[in-house]
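What follows is the residue order along each chain.
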Amino acid sequence: MKVPDFILRILLKDEEYVEKSGDLEEVYLDMIEKTGSFRAKIWLWIEVMKAAPEFARNLVYWRVLMLWNYLGISIRQLKKRKGFSFINILGLGLGMACFLLIFLLIRFELSFDDFHEHRDDIYRVNQAFSSERGGRVSSYTPYEIGRALGEEFPEVVTAARLTTLFNAEILVRCEGKTFFESRHILADPAFFQIFSFPVVFGNPEALRPNPNSVVISDVVAKKYFGKGDPMGRRLTINGDRDFLVSGVIRIPENTDFQYDLVFPMKSFEKDIDYGWRALRYETFIRLKKGARPRDVEEKIWALQNNNIPKGRENSGLPFQKLSQIHLYEANGEPGATARYMVVFGLSGVFILLIACVNFMNLSTARSEQRAREVGIRKTVGAERGQIIRQFYVESFLITTLALFCALLIVLLFLPVFRQLVGARLSIGQAGPQVFIGMLGAWFVTAIVSGGYPALFLSSFRPVQVLRGKFIKGCKGAASRKGLVVFQFSLSVFFIISTLVVYSQLRFIDARYEAMDKSHLVYLRMDGGSDVRGPLLKEALRKYPEIRSLTVTQQLPLSIGYNRNVWTSPAKSQDTRFNLFYNMADFDFVRMFNMEIIEGRDFSEDNATDGLNCILNEEAVRKLGLENPVGRKIIYWDDKVGTVIGVVKDFNYQHISNRIQPLVLCARPDWLNRKYLVARLAPGELKSALGHIHREWNTINPGIPFELRFFENVFDRIYRDERAMGRVFLTFALLTIFISCLGLFGLASFMAERRRKEVVVRKVLGASIARISVMLSSGFTKSVLLANVIAWPAAYLAMRMWLQSYAYHARIDPAVFLLAAALAEAIALVSVGYQSIRAAYVNPADGLRHE
Amino acid sequence: MKILSRAEEVILLTILKIDGDAYGVSIRQRIFDDTGDWWSFASIYTPLDKLVRKRYALKTKGGPTAKRGGKSKFFYEVTNDGKRALLDLQRAQNQIWAGVPRIAAEKAK
């Protein structure tokens, strides 16, 4: 009978088990002979079931009683070694705090758009197509896709398209006040039937704006109307269109739909781009419960292909689940956020591990002092399991204290961390999951960090230990060294990563050095003020504090428009090229200190320069021009211009993109220049800004004045890189600090243990310096070994990271040496103090010790 | 003085009577012989453990036996404290029962 026996085995201790199970077996075997095995079995089961509750109660009773005992002993130990306890609790607390913060961050990123009622049935329709550059998936789809899905497919409950107004910023006037708003969107009425944003004002069922109503966020509602009721109030957009507020919604932080104003698509009829091909709309659908997305996908794709010319078919309309949108690209590959989360998550786990290692090291280092205690306990009858349990209680106690410490740190540093990673986090919004995460971190930490000491210390043989045969330092020394190496490998890894990330940041800065962006400011001329751009420029020209001015369509930090141009003599398939372009005043190239390497710059004196253009080197290569200067270019509007010069390649997009072919032209016949850029004289910032503000108000009365610094745009573009730099720096500092904390504790125990040896050496004439070196040399070697392990790992990881940039810094070998020197120096400082203190001990004190 | 429970009393008396060969199975057998009831092991072990803890009974490990799957028997004997407790109990019982037959007989009428 295996099962009843197993039950007894669990519930009873060794001797009890032997007795009880023996008794039962004896009667059981007897009964098999007399009454047959079936009845015997039933009898045995009944017996065991009757006895089990009592046995279990005994077990729990004794366990709880012992637990109190263990707890008492643990608290006594904590008080006895205050320094040791402090180091342990602080180290573990920091590790857990870091882990918790990262947990909060990851949970936040995973929670995006999880509050919508129909989230499991919402999909975004993406457009897959193949071009000469290979397959691509766009998250934008043509107008007709959304219409057809909503109207012709029974599986689809409803479909909504989203698109932006052509101008990024709109001018909102309400009750005499004006504001620029950039977080706006045009949406189909079904938008609010698909997504369920919390409604502050208005009927959630009726959040279907008719052509003249608008749904706004509670943030702007407060900005426009204060505490008043916003419902039915009037907003004037761009000076000529009136909308009435029909609802107010709250936009949670964890959504990708960060819009303050939702306009009905219908009210901008003239901007609608009907058709089956132009990719201008994000299309969201809500499927009926149980409908199979793949079937709908196939059908809508077939429908699209029927409606576009033969030979131009797309390669699919894959649906993407709402929950995937935040972390994955349209093509299903993990996006930048997902990759950062993996890096953060791993870092969090490793930092927690480093903190656990401290605990393990310090506990086993003290094993000698605890050995006698374990020996005595075993002698008076403690089983190994009991001793293991006692050490676990100790680790749980310390972990619990560390958890409180961690919570304190989290509360204190949450605002800093929020800024560090640029995400709006709070403990409250995460709710019960944080609690579970916390308990998980607490439990895992206690088990991991308590496990090794428990098993190690409980394995002592009482006879050896009590006879003093415990071989000093040998037991566990190797594994302790291994753990120190592990800690410092991670520290070195983080140091190298930080240095490399910062070298890449410096590299990026250097790429933009020529532009000298520190004194550049720009104005966005919205709300119809762009037509007065030249006027404003003329007015500002007279101030000496403003060195130079230009008016441009796009900022040279982010040029994103592209169009087709043709090389002469004729438009044909072979001469067509897709180029990025920018239109600006003649002084654009000079303004940004771009280098003309062939031909000449635009010139005021040359009347035809309005049509002429300058190519970048990449464009010359792509167009295959041998002598570019003087060649003719046919523009998208069939006008013809001449190439007058070639500009050196410069980064006009994020540095992870290769520099693409670019054509710079003036084209004063196109009025779409929304940026006025000014270079200010250093040191005269304040008066220059005053002039600009005054002239703006004279020329554009009633339009908000919004001046921004180039530096800020730059920071926004490279926000991820900077955040990464700061985060790695923090991680590096944390790992180093925690490791050093452990090392410090370890060194103090080592010094104490080798006290007698030190004294004997001193008596025999060793110098203080020699002894200090002797005591710290072991650690020095460990840190060196850690470097050897960390170097290749850091090299590979950072090379992978750098390769995601089209232009990146080289990994300087000096980085590795610097990291090694840093780690070594920091380790020496934390060990050195203890070593020197130990070396100064008075021999008489040391020898009298026993 | 604490009065022994009925089960404790029965078991202690049984151990005393078996004299030398008292272990779980034999105790249970003897109780059946005397009372005609098969006690469950659970109802034997609980009082037994208590008696051992109160030091009224002494538990000693015997040698392994083949019949029990190689497991050792654990024998019980009554300590002097145990014997004294039994005698105390008997005295108390007598005291409690004193006069009861007469009262019961009167009430029955």
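That block above? That's the structure.
What this report covers is the structure whose coordinates are included nearby.

Conventions used here
- Residues numbered from 1 in each chain as written.
- Chains lettered and ligands numbered in written order.
- Predicted model: local features only at pLDDT ≥ 70, side-chain atom pairs only at ≥ 80, totals over all residues.
- Heavy atoms only, no water.
- Helix = DSSP H or I, 4+ residues; strand = E, 2+ residues; numbered from the N terminus.
- Rg over C-alpha atoms; globule rule 2.2 N^0.38 Å.
- Contact = heavy atoms within 4.5 Å.
- Areas by Shrake-Rupley, 256 points an atom, 1.4 Å probe, with all protein chains shown as cover.
- Buried area = accessible area lost by both parts, 1.4 Å probe.
- Salt bridge = Lys/Arg side-chain N within 4 Å of Asp/Glu carboxyl O.
- Polar contact = N/O pair within 3.5 Å; in protein donor to acceptor, adjacent residues only side chain to side chain.
- Nonpolar A, V, L, I, M, F, W, Y, C, P; charged D, E, K, R; others polar.
- 1 Å grid on protein atoms, 1.4 Å probe; cavity = no way out; pocket = protein on both sides within 12 Å on 5 of 7 lines; lining within 4 Å.
- Points joined across faces, edges and corners; volume = space filled by probe spheres on them.
- Axes fitted to C-alpha atoms, helices over the stretch in contact; angles between N-to-C directions.
- Parallel < 35°, antiparallel > 145°, perpendicular 65-115°, else oblique.
- Buried < 20%, exposed > 50% of the residue type's maximum accessible area, 1.4 Å probe, protein only.
- Core = buried A, V, L, I, M, F, W, Y, C linked by side-chain atoms within 4.5 Å.
- Phe/Tyr/Trp six-rings, centres within 6.5 Å; stacked < 30°, edge-to-face > 60°.
- Lys NZ or Arg CZ within 6 Å of the ring centre and 35° of its normal.
- Patch = residues over 30% accessible without salt bridge, like charges linked within 9 Å, V, L, I, M, F, W, Y side chains within 5 Å.
- Pairing = 2+ DSSP bridges.

## Let's talk about the overall build of chain A
- Counting its regular elements, chain A contains 26 helices and 25 strands.
- Scaling as 2.2 N^0.38, a compact globule of 850 residues should have a C-alpha radius of gyration of about 29 Å, whereas chain A reaches 36 Å, well beyond that.
- Residue pairs at least 24 apart in sequence account for 79% of intrachain contacts in chain A once pairs closer than 6 positions are excluded.
- For chain A, the exposed area adds up to about 40600 Å²; of that, 59% sits on carbon and sulfur atoms.

## Regarding the interface of chain B and chain A
- Tallying the contact residues gives 21 residues for chain B and 23 residues for chain A.
- Carbon and sulfur atoms supply 51% of the area that chain B and chain A bury against each other, a total of about 1900 Å² over both sides.
- Considering only the surface of chain B that becomes buried against chain A, Tyr 45, Lys 67 and Lys 71 of chain B emerge as the three largest contributors, covering 30% of it.
- When the shortest N-O distance is used, the salt bridge between Glu 16 of chain A and Lys 59 of chain B registers 3.0 Å.
- Joining chain B to chain A, the criterion identifies 9 residue pairs in polar contact (both at pLDDT 80 or more).
- Counting residues per element, the side of chain B that touches chain A draws most heavily on helix α3 (residues 41-53) of chain B, which supplies 5 residues.
- In the side of chain B that touches chain A, the residues fall into 8 nonpolar, 5 polar and 8 charged.

## Side note on the layout of surface pockets
All names here are of chain A.
- As a volume, the second largest pocket reaches approximately 890 Å³.
- Forming the walls of the second largest pocket are 34 residues, and the residues nearest its centre are Arg 339, Val 343, Met 724, Ala 797 and Trp 801.
- Listed by contribution, the elements that provide at least two residues to the lining of the second largest pocket are α10 (336-365), α16 (477-511), α21 (710-717), α22 (719-753) and α24 (768-802).
- For the lining of the second largest pocket, the element with the most residues is α10, which contributes 9 residues.
- When the residues that make up the lining of the second largest pocket are grouped by side-chain class, the tally is 23 nonpolar, 6 polar and 5 charged.

## Some thoughts on the packing of helix α2 (residues 14-35) of chain A against helix α2 (residues 24-35) of chain B
- Taken N-terminus to C-terminus, the directions of α2 of chain A and α2 of chain B make an angle of 55°; their axes are 8 Å apart at the nearest point. By the angle between their directions, the pair α2 of chain A and α2 of chain B is classed as oblique. In this structure, α2 of chain A uses Asp 23, Glu 26 and Val 27 of chain A to contact α2 of chain B, whose residues at the interface are Gly 24, Val 25 and Arg 28 of chain B.

## What to know about empty space enclosed by the protein
Residue and element names in this part refer to chain A.
- Per the stated rule, a full pass over the model turns up 4 cavities of 30 Å³ or more.
- Lining the largest cavity, in full, are Phe 84, Phe 359, Ser 363, Arg 366, Arg 370, Phe 391, Glu 394, Ser 395, Ile 398, Pro 453 and Leu 457.
- Within the lining of the largest cavity, the residues separate by chemical class into 6 nonpolar, 2 polar and 3 charged.

## A look at the environment of Phe 359 of chain A
Residues and elements named next belong to chain A.
- Among the structural elements, Phe 359 can be located in helix α10.
- The class of Phe 359 is buried, set by a relative accessible area of 4%.
- Setting aside anything within four residues of it in sequence, one finds Phe 359 in contact with Asn 88, Leu 92, Ser 395, Ile 398, Ser 449, Gly 450 and Pro 453.

## Comments concerning unusual backbone geometry
Residue and element names in this part refer to chain B.
- Positive phi values are uncommon outside glycine, yet Asp 19 reaches one of about 55°.
- As for its placement among the helices and strands, Asp 19 is situated in the loop between α1 (6-18) and α2.
- Classification of Asp 19 by relative accessible area gives exposed; the value is 61%.
- With a phi angle near 65°, Arg 55 is a residue other than glycine that sits in the positive phi range.
- Take Arg 55: it is sitting in the loop between α3 and β1 (57-64).

## What to know about the nonpolar core
- Phe 488, Ile 496, Phe 592, Val 677, Phe 710 and Trp 801 of chain A are the most contacted members of the largest nonpolar core, which has 119 residues in total.
- Sorting elements by how many residues they give to this core places α22 of chain A first, with 15 residues.
- With residues up to four places along the chain from it excluded, the contact list for Trp 801 of chain A reads Tyr 340, Val 500, Val 501, Gln 504 and Met 724 of chain A.
- Judged by nonpolar contacts, the second largest core, of 38 residues, contains Leu 4, Ile 27, Tyr 45 and Tyr 76 of chain B.

## What to know about the environment of Ala 446 of chain A
Residues and elements named next belong to chain A.
- With respect to the element layout, Ala 446 can be found in helix α14 (residues 432-458).
- Ala 446 gets classed as buried once you look at its relative accessible area, which sits at 0%.
- In the structure, Ala 446 is positioned 271 residues away from Glu 175 in sequence and 61 Å away in space, judged by C-alpha atoms.
- Look past the residues within four positions of Ala 446 in its chain and what remains in contact with it is Tyr 392, Ser 395, Phe 396, Thr 399 and Gly 451.

## Digging into the packing of aromatic side chains
Residue and element names in this part refer to chain A.
- Considering all chains together, one arrives at 48 aromatic pairs over all chains under this definition.
- Here the aromatic rings of Phe 257 and Phe 284 are separated by 5.3 Å at their centres, their planes lie at 70°, and the arrangement is edge-to-face. Within this pair, whereas Phe 257 is found in the loop between β11 (241-249) and β12 (261-264), its partner Phe 284 is found in strand β13 (residues 282-287), the two being separated by 27 residues in sequence.
- By relative accessible area, which is 1% here, Phe 284 ends up buried.
- Plain terms: the ring middles of Tyr 635 and Trp 636 are 5.4 Å apart, the flat faces sit at 70° to each other, and that makes the pair edge-to-face.
- Taking the relative accessible area as the measure of exposure, Trp 636 reaches 15% and is therefore buried.
- Over the ring of Tyr 281 we find Arg 280, and its NZ or CZ is 5.9 Å from the ring centre.
- Sitting above the plane of the Tyr 635 ring, Arg 667 keeps its charged end 4.6 Å from the centroid.

## Observations regarding a nonpolar patch on the surface
All names here are of chain A.
- A grouping of Leu 408, Leu 412, Phe 413 and Val 416 is seen on the molecular surface, where their side chains present a nonpolar patch of about 420 Å² in accessible area.
- Here Leu 412 shows up in helix α12 (residues 384-421).
- On the basis of relative accessible area, Leu 412 is assigned to the exposed category, the value being 59%.

## Focus on the sheet that holds strand β16 (residues 546-552) of chain A
Residues and elements named next belong to chain A.
- Ordered by their spatial adjacency, 4 strands build an open sheet running β16-β24-β15-β25, and the pairing between neighbours is antiparallel. In this open sheet, the two strands that pair with only one neighbour each are β16 and β25 (707-709). Direction aside, neighbouring strands of the sheet carry axes that sit 25° apart on average.
- The sheet contact formed by β16 and strand β24 (residues 675-680) spans 6 bridges and is antiparallel. From the neighbouring strand, Leu 549 faces β24, where its bridge partner is Ala 678.
- Packed on one face of the sheet, helix α17 (residues 533-540) meets β15 (520-524), β16 and β24 and runs near 175° to β16.

## A few points about helix α5 (residues 143-152) of chain A
- All of the buried residues along α5 of chain A are Tyr 143, Glu 144, Ile 145, Gly 146, Ala 148 and Leu 149 of chain A.
- The inward-facing, buried residues of α5 of chain A abut β1 (122-125), β4 (156-163), β13, α8 (293-306) and β14 (319-321) of chain A.

## Side note on the pairing of strand β7 (residues 184-187) of chain A
All names here are of chain A.
- Residues of β7 alternate between two faces, with His 184 and Leu 186 on one and Ile 185 and Ala 187 on the opposite face, all of them buried.
- In this structure, β4 lies alongside β7, joined through 2 bridges in antiparallel fashion. Residue pairing in the sheet places Leu 162 in a bridge with Ala 187 of β7.
- Sheet analysis places β7 next to β12, joined by 4 bridges and oriented parallel. Its bridge partner lying in β12, Leu 186 is registered against Phe 263.

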